[in-house]
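The lines below spell out each chain.
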Amino acid sequence: MKKIVRLTETELKNVIKRMITESGIRDINKIADRYQKAKIYFHQDLDGVTTAIAMKEYLAQYGIETVDCEVIQYGDKEWAIKKPEGSGDVMPVLVDFAHGKPMFVIHTDHHDTQAGVDDKTATNFKSSRSNVETISQSISPKELFPSDDLLLISTVDSANFAPQDISVDEVINYLFKIDKNKSIQRNKMAMGFVCNKLLLAFKNKPGFLEELVMKSTPSLLNILNNIKRIMVEKGYAPVEQLKKNQENYIESMKNHPNVKVLGNVIVQYGGGNMMKPGSYDRYTPFKNNPEADFIVIAWPLGLVQASCNPYKKERALKGIDLGKIKDEVLSKWKTQLEVKEIPLSTLKWVSETSVGPESVGFTFKDFVAIYGNHFLEKKNGRELLTKLGEIMEKPYSSLNDKEKEMLETYTVDSWDVINVTIKAWDVILANSGGHKCITNISGLNYLGRPSQKKGYSGGGGYQKTDEDAPYVKFTKMIQNEFVRVLQNKINEG
């Protein structure tokens with residue numbers, strides 16, 4: 001006679017969780033047999049930090065110890081990350097980042113699209129409000145972060161403020177005190193917003209975010225207490241100073257010459273003076289212009305970002321899709337961008353702007369992972385790819401003139417010279433993305449560069465006085481066209 005085993009609701013949930021685990025991170029048990037140590041690379045924000053902490057706890061369940069971690073950021077800084085010490089023994093893991101690399105064994109993310117992901121990497125890509133939510137509630141056999149914390153993190157990362165009647169002042173607040181007139185949930189969210197603000201205030205301090213990941217447990221309260229401890233130990237600016245710096249910054253941006261309001265669209269170039277700790281906040285434009293529906297901001301590093309006002313409930317009801325506008329704007333220059341070719345030398349040179357001697361750099365594997373489908377096919381391909389791969393393993397700064405030239409043109413014989421290039425159109429598409437309420441056009445900094453053989457100033461290839469370099473001019477043109485199309489869509493609606 002078979003014995004019937006009845007599981008409690010909690011036991012049943014745990015069984016289901018264990019089943020989900022194997023499908024969440026592919027071959028996790030095999031990976032655990034191969035690696036006993038890991039280094040986690042994470043994005044420079046609240047979701048990135050909390051996802052790294054969750055991943056650290058998840059790996060520990062399989063006997064994998066996280067021995068190191070490092071911030072990774074979009075742009076040339078993503079190639080400046082350091083190689084894991086004990087290469088081959090320490091597993092590189094990437095979380096909350098949309099650009100993969102062949103070096104990573106595990107990669108998890110929640111954005112709409114990913115680029116540069118190697119087919120050998122164990123991945124978990126699930127579109128969600130935050131990456132930590134997926135790790136904590138879907139991948140891990142047991143819940144990691146409390147559900148209240150996940151709600152706050154997801155709200156911050158997805159900017160889902162309006163449906164919950166959250167004001168801009170609540171999000172940018174540096175001071176937390178329990179309000180007896182508010183619910184426990186609302187007080188917890190207020191504490192979480194303060195945690196996020198302090199984290200962002202010091203995110204560029206060397207080793208700050210890394211220490212948070214290594215020493216914190218899956219709890220916003222624990223993270224906040226660690227932030228306060230580090231602030232005292234390292235002598236960071238106190239909260240009162242952060243608050244004052246923020247107030248001064250908000251005031252300085254009210255009549256800033258680089259900020260204009262056209263109809264209900266904020267048009268901004270750069271971020272103003274962001275040097276003092278705690279001054280800059282991405283929501284300052286909507287603090288100063290609460291009636292605006294959208295912002296289109298251009299950054300001198302070759303990036304145009306557009307987003308809805310996340311504090312207005314009716315923002316999603318205007319029939320505006322910023323992602324589609326991005327496509328329409330870029331299509332205006334498609335013909336020119338498809339005939340303009342970017343040399344491999346320029347891709348490597350610009351990508352390695354911030355690399356050091358210990359950085360991973362921009363290798364040929366990275367190039368193939370991101371742009372492989374668009375690489376212009378040439379004859380004598382095997383010989384070419386082998387030679388390029390060898391050259392690309394070296395830092396750009398250590399290449400001699402002949403090697404640099406080979407990354408622009410490759411001579412097969414005295415009669416056949418191959419241009420080693422990729423279309424500018426494909427470069428921009430590979431670096432851009434977004435959706436209905438937020439989108440970006442990136443990779444513009446690869447255009448309009450002077451020849452690197454003429455010297456590199458370190459400031460994007462141009463002296464500081466040379467503000468309107470070709471790619472900067474194009475960035476402003478993209479911004480102006482985006483604003484024009486957006487306003488037309490608004491008027492049509």
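Definitions and limits used
Within any chain, residue numbers begin from 1 and follow the written order of that chain's sequence. Only residues with pLDDT of 70 or above have their local features reported here, since the model is predicted, and side-chain atom pairs are shown and tallied only from 80 upward, although totals for entire chains, interfaces and linings are computed over all residues. Remark: hydrogens and water are excluded; side-chain values derive from all non-hydrogen atoms of the structure. Between any two strands, at least two bridges found by DSSP are needed for them to pair. Counting from the N terminus, the helices are the DSSP runs of H or I reaching at least four residues and the strands are the DSSP runs of E reaching at least two. Any two residues whose heavy atoms approach within 4.5 Å are treated as being in contact. Between the N-to-C directions of two axes lies an angle of 0 to 180 degrees, each axis being a line fitted to C-alpha atoms and, for a helix, fitted only over the stretch in contact. Given the number of residues in a helix, its expected span is that number minus one, multiplied by 1.5 Å. Think of it in three bands: residues with accessible area under 20% of the maximum for their type are buried, residues over 50% are exposed, and the middle band is partly exposed, with areas taken using a 1.4 Å probe on protein chains only. For this quantity, the arc is that covered by the directions from the helix axis to the C-beta atoms. A residue's pLDDT is the predictor's confidence in that residue, given on a scale from 0 to 100. Just to be clear on terms, a salt bridge is a Lys or Arg side-chain nitrogen sitting within 4 Å of an Asp or Glu carboxyl oxygen.

(A) Structural context of the sheet that holds strand E9 (residues 303–308). The strand order across the open sheet built from six strands is E6-E7-E8-E9-E15-E14, with neighbouring strands paired in mixed fashion. For this open sheet the edge positions go to strand E6 (259–262) and strand E14 (433–434), each flanked by a neighbour on one side alone. Two elements, strand E7 (residues 265–269) and strand E8 (residues 294–299), share five bridges in a ladder whose sense is parallel. Residue pairing across strands places Val267 opposite Val296, the latter belonging to E8. Running at roughly 20° to strand E15 (residues 438–441), helix H12 (residues 322–331) makes contact with E8, E9, E14 and E15 of the sheet.

(B) Up close: helix H10 (residues 239–252). In this model, H10 (14 residues) spans 20 Å end to end at C-alpha, consistent with the 20 Å of a helix rising 1.5 Å per residue. For H10, the set of buried residues is Val239, Leu242, Asn245, Gln246, Tyr249 and Ile250. Along the long axis of H10, the arc covered by the buried residues comes to 135°, so they all point the same way. Close packing links the buried residues of H10 with helix H7 (184–201), helix H9 (220–234) and helix H11 (284–288).

(C) Looking closely at the confidence of the model for the protein chain. Confidence along the protein chain averages 84 in pLDDT terms, with 81% of residues attaining 70 or more. Mean pLDDT across the secondary structure elements of the protein chain bottoms out at helix H1 (residues 9–24), with 49, and peaks at helix H8 (residues 208–215), with 98. Predicted confidence is poor over residues 15–23, with pLDDT under 50, and the contacts of this stretch with residues over four places away or in other chains come to 19 contacts. Across residues 450–466, confidence stays below pLDDT 50; counting only partners more than four residues off in sequence or on other chains, it has 26 contacts.

(D) Structural view of the pattern of salt bridges. Counted by the stated rule, this structure contains 22 salt bridges. Close ionic contact of Lys39 with Glu70 constitutes a salt bridge, the shortest N to O distance being 2.9 Å. Of the two residues, Lys39 is situated in strand E1 (residues 37–43) and Glu70 in strand E2 (residues 65–72); the sequence distance between them amounts to 31 residues. The pair formed by Lys39 and Glu70 is uniform in burial state, with each residue classed as buried. We note a salt bridge from Asp169 to Lys287, for which the minimum N-O separation is 2.6 Å. One end of the pair, Asp169, is in helix H6 (residues 168–171); the other, Lys287, is in helix H11, and 118 residues separate them in sequence.

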